[in-house]
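The lines below spell out each chain.
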Amino acid sequence: MFIPLEITGIIYFMKNTNNSKKPLTGFNFVNPNTDFPKMEREFLGKWQKNGLVKKYLQRNNSSKEKFSFLDGPITANNPMGVHHAWGRTYKDFWQRFWNMRGKKQRFQNGFDEQGLWVEVEVEKELGLKNKKDIENLVTGDKFKSLEMFINLCKDRVKKFSAVQTEQSKRLGYFMDWDNSYHTSSDENNYSIWNFLKVVNEKGWLYKGHDSVPWCPRCGTAISQHEILTEEYKELEHESVFFKLPIIGKNNEYLLVWTTTPWTIPSNVAVAVNKKEKYSSYVLNGENLWLMDKRIKELENQKILIGGKSNNEKKLGKLLIGWEYNGPFDDVSLVKKTLGNYIHNVIDGEGVVTEEEGTGLLHVAPGAGEEDFKLGKENKLPVISSIEEDASYVQGMGKFSGQNAKWHPELIIDYLEQKNRGQFLLNTQLYKHRYPTCWRCKTELVWRVVDEWYIAMDKSSNSKFPNLDKRSGAGKTQNSKVQEKTFREQMAEVAKKINWLPDWGLERELDWLKNMHDWLISKKRYWGLALPIWECKKCKNFEVIGSKAELKERAVSGWNKFEGNSPHRPWIDEVKIKCSKCGNMVNRIPDVGNPWLDAGIVPFSTMPEEWFPAEFITESFPGQFKNWFYSLIAMSTALKKTNSFKTVLGFASVRDEQGEEMHKSKGNAIEFNEAADKIGVDVMRWLYLKQDPEQNLNLGYHVTDDVRRYFHLRLWNVYSFFVTYANINKFQISSIRQAQDKNFKFQISDNVLDKWIISRLNKTIKVSTELIEEYSADKAVGEIENFVINDLSNWFVRRSRDRVSFSNENIKDKDTCLSILYFVLMELSKLLAPFIPFISEEIYTNVSKKDSVHLENWPEFNDKLIDKKLEEEMQSARQIVESAHALRKSSEVKVRIPIKEMFYNGPFEISEEILNIVKDEINAYSLTFDKKSDVYGVFAKTSDDNLDLQFGLARDIVRKIQQERKKLETKANEKVMVYLPYWPKEHEEYIKKKAMINKIIEDNDFKVVKNA
Ligand SMILES: [Zn+2]
Ligand SMILES: [Zn+2]
C-alpha cells in the first residue's frame, strides 16, 4: 500500500540550501535501548574520517564577526578528571554556539606546563627526596643533573598534553588541537620577560628580605597567592607553655605560649598589650606573669593547677622593658646573633590576643611573619635557625642537622631538662588550622629569605607617563601627575570586567585590597627563568626583556645557551656585564611563579586583533588569587586595561555525598571511566544544567537520573517519529520547503500543531537569549521543559492516534509527522552545542545531511509564537491534571469513559482545545460550569455516568495489543482473536483498533496470526 502524500497548508521556514527534489524515504532504525557511549565512539570515528572538525573550525573563516575566546590553560600533568570536564564543556559549548551563529573564532586550547606541580610528579617518579637529589641526578655534575631533570619535566608535559587532547576529543570538544598553546614555549617565556622589564621600568620590581611561608620539602617560598583556604588543614600540634626568668627579679617569670616549639630557639622578645592588666600568679613557689583575663581559662584547661593569683597586678605598659634570659642563650648561633642585645618585653598592642595563650606573645622574627614585622619595628635581631629543608643550621649545637618541623620533641625535651626544668611549665595538644604546601601537602614553616617581588603600592616612575590614549587624560593631565599604584590601577581594571556571578568582583577587589606585594620568585628548576641579572659587587640588577636583548648583552655563555629553550640550566650559562660597575654578572637562580605563565597568554598567544578576549571561564576556587589575578595584573601593567570582558566562574565537582574528590580517598572518578560508562552527552547535560555557583555532586546515580529524565525521553520521541514515519512511508520531498522570503508560516490547522510550533519558537527564542547571557543552566531548563512537558508528555502523547494505522485521515497523519519532523530538525540544532552526539544522530538520520555541527543556529519567528494559545493550552493541562486526580480519588480507570464532566476556571477553553482535553481525560462531554480562580473539574462517578461497556472494549484492545507485541506481528498485519466475551456494539471499534479480521467466541482468550 503506497499512498502518495500531498501535504497542504504547511510551508516551512527552514532556510534550506539543499533544493534537491530527491525523495528521502526510510530513516535508519532507532534502537529504543541504544548504547550511548557506543554511539559516541562511532561518531568520533566518523568525524575523524570525514574531517568534520576541520570543516567546523573553518566554517566562519571569512566572517567579519568575531568571538574571541581565551582558554585558561589546563595543567598538563595528569590525565583529566571529571572535574576538568565541567569547564571544558562550558568552553566548548559557547564556542559551538557562536560558531553556529556565524562568528569567526580561534579555537585555541592551552596547556599549562611549567612549575612545581610538574616537578613534584617527576621527583616522585624518580624517587627523589629533596632538591639535593635533583642537583645530583648525574653524580657530581649539577649542570647535567638539571639538564636531565628539565628534560624529564618537558617529557612529562608532552605526554600528558597528548593524553588530555585525546580525552578532550572524547568529550566532543571541537578545538584546533594541532595549534594548542604551551606555556613552556619560548614565546610565552619571552613575553613574560618583556612584562617583567616593563614592571621594572615602572619601578615596581624589587628584591625583598622578608619572612615568608616556606615548604621544607619543595625547598621554596610559597607565595600568599598559593595558600588558599583549602590548603589549610585541621592539624594537632603539641603546644608549649614555657617560662622565661626575668632578670633582676627573684623567682619571677614571664609565662609564654607557642604552638610551634621549633621556633623557640629564635625567640628574641616577648610582646604584651600595654593596655591590658597582667597578674603575677603563684604556682609551686614561683611567680608567673600573665594576662589577668587568661587566668581563669588556663585554670579550667588545667594548665595552671593548684596556684593562685597573688593580687599583684600591673598594666602591660609597665612590663615593657623587662629583661629576661632565654633557654637557648648559650647555643653559639643564638649567642653570636644576639651579641649585646638582651631579651626584653616589647609593645605588641594589636597582635597580642586575649583569646588564647597567656597574653604574652613569643616573638621570633626569624620564624614568623608577624614576628618579622614586629622585629623590624623594634629593631630586633633575627635568628634564622633553619635551612631550606627545615633542619637546624650550623651553629645550633646538638640541634644542627636535625629537622625542626618533624622533631618538636627535641625542643620540648631540652626545655624539660635545661636548668632542671626551669623553662618548661606544660605542654598541651592543640588543634588548629595550619597551612600546608599546595603541591606536596607538607606543613609549611616560615623563613627569612631574599625573594623577588612586584610592589603593589608604589606609584610608577614618572619617566613613564600615562601612555594610554583611551584614558581620556588628554593634554591637561601631563606626566607630572603622579600615577596610581599598581593596586589602584588593578582595582580599576577589575571593575571594567563583567563578573558572573556578580559577587566575583567583590571577591577580586577584596583580594586586591588585602594582598601583599606579589612574590614572584621560586628557588626551583622547571619554570620561567626570571630574567634578572644581579651584580654581586655593586648590588645593581638588570631585567632583560627579550632574547635579542640578551644576545646583545651577553659577554659569555651564549654559545652554550643557543639552540636551547630559555630554561635552566642552559640560560644560567649566559653572563652579562654590569652596566654600573662592569663586573661579570650571573642570572639569579630563581624561577618564576607559575601564574606569570598563565597570566601572559592574552599577549603571548592571542594576536592583537583578538584582544581583549570576549569571554573566559574557569572554576572559581583559587582563581581570584591566581589566574584572574595574574591576567588583570599583567594586562594592567602592559596595557592599563582588561584582557577579557566577561568571566564566568563556577564551583567545584564533588562526589555524590558532596565530599571533595581525592584519588587517595578512592572517590575520584576518572574522566575515561565516566565517559565509557555513561557517555559524555549525559555528563555535558549535567554540567550545563548545573547552577555554576553551586558545587556539583557527581556520581553514577546522579548521571543515571539525568539520562533517564532527559536523554531517554528525547530518544523516545525520536524513536517514535522514525518508527511511524517509516511505517507510514513518510517522505520529506512531499513537504513544500521554504522559499518564502518573508518567513510566512502557514501552519497546519490542527491546534496541537500550532501550539507545538509556538512552543518551539518560544523555546528557541528564550534559550538563545539565555545562552547569550551565559546562563546555560537556565537554557537547559527551558529546553528540558519543552522536550519533556511539551513534546513528549503532550504533543507525542496526544498524537499517537493521529499517526497510528487506524487513523484513516492520511492528510492529518502526514501533517502530524511533518510537524514532528520539523520539530526534531530544529531541536537537534538547538541541542547541538549541549549534546553534540545525540543531536548529530537525530539530525543526520532525520535530515540526511552531513552534520548538525555545520548548520546555522535555529532561528525563531515571533509571529509563530502565540501567547494566548500557549496560555490556553496551559489551562487545558491544568484541567487534565484535575481530571486525573478525580479519577484517582474515585478509582475510575482512565479507560472507562465518563459521560458528562464539568469544569470551572478563569476562562472558557476553546472547542478545539477542549476536544484534545476530552480525548486525554476520556470524557464524552466537558462543559464550562462557572468562573473560578483556578481550573478544576467535577463529575458524577456513579455507574450511570460511566460507559462501562466501552471501557471494557478498550481493555480488550489493550490486551490484544500486548499479545500482538509478544507475537511480534507487524503494525499493519491483521490477526484473528478468540474471546469469551466482548461488547457487540463495539466490535467494529475493537477490530479496527487492534487490526483484527475476525473475532471468534471461545472460552480461552487467544490471538492468532493469519496463516
Ligand atoms: Zn611542597
Ligand atoms: Zn655592578
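Residues numbered from 1 in each chain as written. Chains lettered and ligands numbered in written order. Predicted model: local features only at pLDDT ≥ 70, side-chain atom pairs only at ≥ 80, totals over all residues. Heavy atoms only, no water.

1. Points about the overall build of the protein
Put simply, the test is: The helix and strand labels rest on DSSP assignments: H or I over at least four residues marks a helix, E over at least two residues marks a strand, and numbering proceeds from the N terminus. Taken over C-alpha atoms, the radius of gyration is set against a globule rule of 2.2 Å times the number of residues to the power 0.38. Per-residue accessibility, obtained with a 1.4 Å probe over protein chains only, is compared with the maximum for each type, and a residue is labelled buried under 20%, exposed over 50%, and partly exposed between these values. Any two residues whose heavy atoms approach within 4.5 Å are treated as being in contact. Note on areas: Shrake-Rupley with a 1.4 Å probe; residue coverage comes only from the protein chains shown.
Looking only at helices and strands, one finds 30 helices and 34 strands in the protein. Whereas a compact globule of 1011 residues would reach a radius of gyration of roughly 30 Å, the protein reaches 38 Å, over 25% beyond that. For the C-alpha atoms alone, the extent of the protein along its principal axes is close to 120 × 75 × 65 Å. Split into buried and exposed, the 1011 residues of the protein put 56% on the buried side. A separation of at least 24 residues holds for 78% of the contacts in the protein among residues at least 6 apart in sequence. As presented, the protein carries roughly 44,900 Å² of accessible surface, and 48% of it is formed by carbon and sulfur atoms.

2. Details of the pattern of salt bridges
Defined as follows: Definition used for salt bridges: Asp or Glu carboxyl oxygen within 4 Å of a side-chain nitrogen of Lys or Arg.
Taken as a whole, this structure holds 65 salt bridges when the rule is applied. A salt bridge links K169 to E166, with the shortest nitrogen-to-oxygen separation between them at 3.4 Å. With K169 and E166 both in helix α6 (residues 142-170) and three residues apart, this pair spans about one turn of that helix. With a relative accessible area of 33%, K169 lands in the partly exposed category. In this structure, the salt-bridge partner of D790 is R759, at a minimum N-O distance of 2.6 Å. Here D790 is found in helix α23 (residues 776-796), whereas its partner R759 is found in helix α22 (residues 751-772), with 31 residues between them in sequence. A relative accessible area of 9% means that R759 is categorised as buried. Because the salt bridges share partners, they merge into one network encompassing E119, E123, R217 and R524.

3. Considerations on the nonpolar core
In a soluble, globular protein the nonpolar side chains are often hidden away together inside. How we decide: Only buried residues count toward a nonpolar core, which is a set of Ala, Val, Leu, Ile, Met, Phe, Trp, Tyr and Cys residues joined through side-chain atoms within 4.5 Å.
Core analysis: the largest hydrophobic core is formed by 220 residues, its most contacted members being W94, I454, F721, F795, F834 and M901. For this core, the element with the highest residue contribution is helix α25 (residues 810-831), accounting for twelve residues. When sequence neighbours within four positions are dropped, the list of residues in contact with I454 reads F195, L196, V199, W204, L205, Y206, F486, D517, W518 and I520. Counting 67 residues, the second-largest nonpolar core is a separate cluster that includes Y324, L360, A404 and F423.

4. As for α23
Put simply, the rule reads: What a helix should span is 1.5 Å times the count of its residues minus one. A residue's bend is the angle separating two fitted axes: one through the seven residues that end there, the other through the seven that start there.
End to end, α23 covers just 26 Å across 21 residues, shorter than the expected 30 Å (1.5 Å per residue, more than 12% under). At D790, α23 is bent by approximately 30°, the largest bend along its length. The buried fraction of α23 amounts to 15 of the 21 residues, a majority that puts the element mostly inside the structure.

5. Notes on the environment of N33
Along the chain, N33 falls in the segment before α1 (36-50). Put simply, N33 and N716 are 683 residues apart on the chain and 9.4 Å apart in space, counted from C-alpha to C-alpha.

6. Notes on the confidence of the model for the protein
The test is simple: Per residue, pLDDT measures the predictor's confidence, with a range of 0 to 100.
With 94% of its residues at a pLDDT of at least 70, the protein reaches an overall mean of 91. Confidence over residues 462-480 falls short of pLDDT 50; this stretch has 14 contacts with residues more than four positions distant or in other chains.

7. Some words on the packing of α22 against α23
Heads up, the rule is: For helices, the fitted line uses only the C-alpha atoms of the stretch in contact; every axis is such a line through C-alpha atoms, and the angle between N-to-C directions lies from 0 to 180 degrees. Comment on the angle field: the value is read as roughly parallel under 35 degrees, roughly antiparallel over 145, roughly perpendicular from 65 to 115, and oblique elsewhere. Amino acid classes used here: Ala, Val, Leu, Ile, Met, Phe, Trp, Tyr, Cys and Pro are nonpolar; Asp, Glu, Lys and Arg are charged; the rest, including Gly, are polar.
Between α22 and α23, the shortest axis-to-axis distance is 8 Å and the interhelical angle comes to 170°. Comparing their axes, α23 and α22 come out roughly antiparallel. Listed contacts from α23 to L752, D753, W755, I756, R759, L760, T763, V766, S767, L770 and I771 of α22 are K778, A779, E782, I783, N785, F786, D790, L791, W794 and F795. Split into classes, the residues belonging to the contact of α22 with α23 amount to 13 nonpolar, three polar and five charged.

8. Some details on the coordination of the zinc ion (ligand 1)
When four donors bind a metal tetrahedrally, each ideal donor-metal-donor angle is 109.5 degrees, and when six bind octahedrally, the ideal angles are 90 or 180 degrees. Just so we agree on the cut-off: We call an atom a donor if it is N, O or S and sits within 2.8 Å of the metal, or 3.2 Å for Na, K and Ca. Water is not counted, so some sites may look partial. For four-coordinate sites, all angles between 85 and 135 degrees define a tetrahedron; for four- and six-coordinate sites, opposite donors beyond 155 degrees with the remaining angles between 65 and 115 define square planar and octahedral shapes respectively, and all other cases count as irregular.
Donor atoms from the polypeptide that bind the zinc ion (ligand 1) are C215 (SG), C218 (SG), C437 (SG) and C440 (SG), placed at 2.2 to 2.4 Å. Taken together, the four donor atoms coordinating the zinc ion (ligand 1) span angles of 103 to 116° at the metal, a pattern that classifies the geometry as tetrahedral. Positions of the donor residues of the zinc ion (ligand 1) along the chain correspond to the pattern C-x2-C-x218-C-x2-C. Using a relative accessible area of 0% as the deciding quantity, one classes C218 as buried.

9. Points about the sheet that holds strand β19 (residues 532-534)
What counts here: At least two bridges found by DSSP between two strands is the condition for calling them paired.
Taking strand neighbours across the sheet as the criterion, the five strands line up as β20-β19-β23-β22-β21 in an open arrangement whose pairing is antiparallel. Edge positions in the sheet fall to β20 (541-543) and β21 (554-556), since each of these pairs with one other strand and no more. Taking the axes of each pair of neighbouring strands and ignoring which way they run, one obtains an average angle of 40° across the sheet. Judged from the two bridges that link them, β19 and strand β23 (residues 584-587) form a sheet pairing that is antiparallel. Among the inter-strand pairings, W533 is bridged to a residue of β23, identified as R587. Against the sheet, helix α7 (residues 186-201) touches β19 and β20, its axis set at about 130° to β20.

10. Topic: the coordination of the zinc ion (ligand 2)
Every protein donor of the zinc ion (ligand 2) is listed here as C535 (SG), C538 (SG), C578 (SG) and C581 (SG), and their distances to the metal cover 2.2 to 2.3 Å. Note that the zinc ion (ligand 2) binds four donor atoms; their angles at the metal cover 100 to 119°, and the shape is tetrahedral. Within one chain, the residues serving as donors to the zinc ion (ligand 2) are arranged as C-x2-C-x39-C-x2-C. On the basis of relative accessibility, which here comes to 33%, the residue C581 falls in the partly exposed class.

11. Topic: empty space enclosed by the protein
Rolled over the atoms, a probe with the dimensions of a water molecule shows which regions are left empty. As a reminder of what qualifies: Definitions used for this entry: grid spacing 1 Å over protein atoms alone; cavity, a set of points where a 1.4 Å probe fits but cannot get out; pocket, an open set with protein on both sides within 12 Å along at least 5 of 7 lines; lining residue, one with an atom within 4 Å of a point. Grid points are joined across faces, edges and corners, and a volume is the space filled by probe spheres set on the points.
Evaluation of the coordinates by the stated rule reveals one cavity of 30 Å³ or more. Forming the walls of the largest cavity are I264, P265, N267, G326, P327, F328, D329, V334 and H343. Broken down by class, the residue content of the lining of the largest cavity amounts to five nonpolar, three polar and one charged.

12. As for the pairing of strand β30 (residues 923-931)
Relative to β30, strand β29 (residues 898-905) is paired through six bridges, and the arrangement is parallel. Note that in β30 the partner of I898 across the bridge is A923.

13. Side note on the side chain of R798
For clarity, the cut-off: Pairs of N or O atoms within 3.5 Å make up the polar contacts considered here, provided that, within protein, one atom can donate a hydrogen while the other can accept it, and that residues adjacent in sequence are counted only when both atoms are side-chain atoms.
The topology assignment puts R798 in the loop between α23 and α24 (800-803). For R798, a relative accessible area of 16% translates into the label buried. A polar atom in the side chain of R798 sits 2.7 Å from the side chain of E920. Discounting chain neighbours no more than four positions away, the residues touching R798 are L752, I916, D919 and E920.

14. Focus on the environment of L948
Its place among the elements puts L948 in helix α29 (residues 948-967). For L948, a relative accessible area of 39% translates into the label partly exposed. Considered as a pair, L948 and R895 are 53 residues apart in the sequence and their alpha carbons are 9.1 Å apart. Leaving out residues up to four positions away in the same chain, L948 has contacts with I896 and D943.

15. Section: the packing of aromatic side chains
How two aromatic rings sit relative to each other is set out by the distance from centre to centre and by the angle between their planes. To keep things clear, this is the line we draw: Any Phe, Tyr or Trp ring, taking Trp's six-membered ring, that has another such ring centre within 6.5 Å forms a pair; planes under 30 degrees apart are called stacked, those over 60 apart edge-to-face, and the others tilted. A ring has a charge above it when a Lys NZ or an Arg CZ is no more than 6 Å from the ring centre and no more than 35 degrees off the ring normal.
For the coordinates displayed, the defined rule picks out 59 aromatic pairs. Taking the centre distance of 6.5 Å and the plane angle of 80° together, the rings of W499 and F644 count as edge-to-face. Here W499 is found in strand β16 (residues 498-500), whereas its partner F644 is found in strand β26 (residues 644-650), with 145 residues between them in sequence. Summarising the burial analysis for this pair, W499 and F644 share the class buried. Relative to F730, the ring of F721 has its centre 5.9 Å away and its plane inclined at 80°; by these criteria the two rings are edge-to-face. Residue class for F730 comes out buried when judged on its relative accessible area of 1%. Seen from the ring of F174, R96 lies directly overhead, with NZ or CZ sitting 3.9 Å from the centre. Geometry around F1005 places K959 over its ring, the cationic atom sitting 5.3 Å from the centre.

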